Amino acid sequence: QQGPPPIHIDHVDSIMAKMGYYASFEVVQEILATKFSIDSEDALLSVSEMNDLLRAYRACEGFTDRDLEELRDAFKQEQAVSVAGSSDEELDALECGRVLRWFG
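These lines cover the structure that appears in this document, whether it is placed above or below. (Residues numbered from 1 in each chain as written. Predicted model: local features only at pLDDT ≥ 70, side-chain atom pairs only at ≥ 80, totals over all residues. Heavy atoms only, no water.)

Description of helix α2 (residues 25–36)
Since the α-helix advances by 3.6 residues per turn, residues separated by three or four positions end up pointing in the same direction. Helix length check: α2, at 12 residues, gives a terminal C-alpha distance of 15 Å against a target of 16 Å (1.5 Å per residue), a fit within 8%. On its buried side, α2 packs onto α1 (12–18), β2 (44–45) and α3 (47–59). Looking at the residues trailing α2, positive phi occurs at Ser 37, about 55°. (Helix = DSSP H or I, 4+ residues; strand = E, 2+ residues; numbered from the N terminus. Expected span 1.5 Å × (residues − 1). Contact = heavy atoms within 4.5 Å.)

Dropping the structure here:
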């Protein structure tokens with residue numbers, strides 16, 4: 001018995017939207033290129049690969065690597081002047097708001 005048919009990458013965003021994820025094309029392309037070595041716009045994904053793609057998307061929270069680096073930089077910059085306490089991993093709500101505004 002055959003399994004489900006492969007999924008064309010053009011359908012990935014609509015499948016993810018049905019699951020409540022609104023993935024940008026840029027993020028999906030980056031995940032496919034970096035995690036799966038798929039650069040073709042005609043690529044087909046198995047259900048298992050689609051599951052792995054969704055897992056990778058969740059891990060990056062829908063951000064590209066560049067976006068994550070910018071967010072980390074903004075957090076570090078704000079944390080350097082933080083009044084949230086001695087922890088290197090905390091910002092208060094006001095500081096967090098500034099990071100998010102900087103990020104856009």
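Here the narrative resumes.
Observations concerning the packing of aromatic side chains
By the definition in use, this model includes one aromatic pair. Ring geometry for Tyr 21 and Tyr 57: centres 5.8 Å apart, planes at 85°, overall edge-to-face. Separated by 36 residues along the polypeptide, Tyr 21 in the loop between α1 and α2 and Tyr 57 in helix α3 bring together distant segments of the chain. On the accessibility criterion, Tyr 21 (23% relative accessible area) is partly exposed. (Phe/Tyr/Trp six-rings, centres within 6.5 Å; stacked < 30°, edge-to-face > 60°. Buried < 20%, exposed > 50% of the residue type's maximum accessible area, 1.4 Å probe, protein only.)

Quick notes on unusual backbone geometry
The backbone of Ser 37 shows a phi angle near 55°, a positive value even though the residue is not glycine. Secondary-structure assignment places Ser 37 in the loop between α2 and β2. A positive phi angle, near 55°, is found at Glu 61, a position not held by glycine. Here Glu 61 is to be found in the loop between α3 and α4 (65–79). Looking at Glu 61, the relative accessible area reads 61%, which means it is exposed.

Here we look at α4
Between its first and last C-alpha atoms α4 spans 21 Å; for 15 residues at 1.5 Å apiece the expected length is 21 Å, and the two agree. Inspection of α4 places Asp 67, Leu 68, Ala 74, Glu 78 and Gln 79 among the buried residues, and these make up the whole buried set. Down the axis of α4, the buried side of the element spans an arc of 130°, and every buried residue falls inside it. Of the exposed residues in α4, the ones pointing more than 90 degrees away from its buried face are Lys 76 and Gln 77. (Arc of directions from axis to C-beta.)

Some remarks on a negative patch on the surface
Side chains of Asp 10, Asp 13, Glu 41 and Asp 42 sit close together on the surface and give a patch of like negative charge. Relative to the helices and strands, Glu 41 resides in the loop between α2 and β2. Here Glu 41 falls in the exposed class, since its relative accessible area comes to 56%. (Patch = residues over 30% accessible without salt bridge, like charges linked within 9 Å, V, L, I, M, F, W, Y side chains within 5 Å. Areas by Shrake-Rupley, 256 points an atom, 1.4 Å probe, with all protein chains shown as cover. Salt bridge = Lys/Arg side-chain N within 4 Å of Asp/Glu carboxyl O. Lys, Arg positive; Asp, Glu negative; His and termini not counted. Charge placed at Lys NZ, Arg CZ, Asp CG, Glu CD.)

Examining the side chain of Thr 64
Mapped onto the secondary structure, Thr 64 falls in the loop between α3 and α4. Since its relative accessible area comes to 1%, Thr 64 is described here as buried. Residue contacts for Thr 64: discarding those within four places in its chain leaves Glu 26, Val 27 and Glu 30.

Observations concerning the nonpolar core
Generally speaking, nonpolar side chains in soluble globular proteins are found buried as a group. Counting 19 residues, the largest nonpolar core has Val 12, Met 16, Leu 45 and Leu 53 as its most contacted members. Breaking this core down by element, the ones donating at least two residues are α1, α2 and α3. Look past the residues within four positions of Leu 53 in its chain and what remains in contact with it is Val 12, Val 28, Ile 31, Leu 32, Phe 36 and Leu 45. (Core = buried A, V, L, I, M, F, W, Y, C linked by side-chain atoms within 4.5 Å.)

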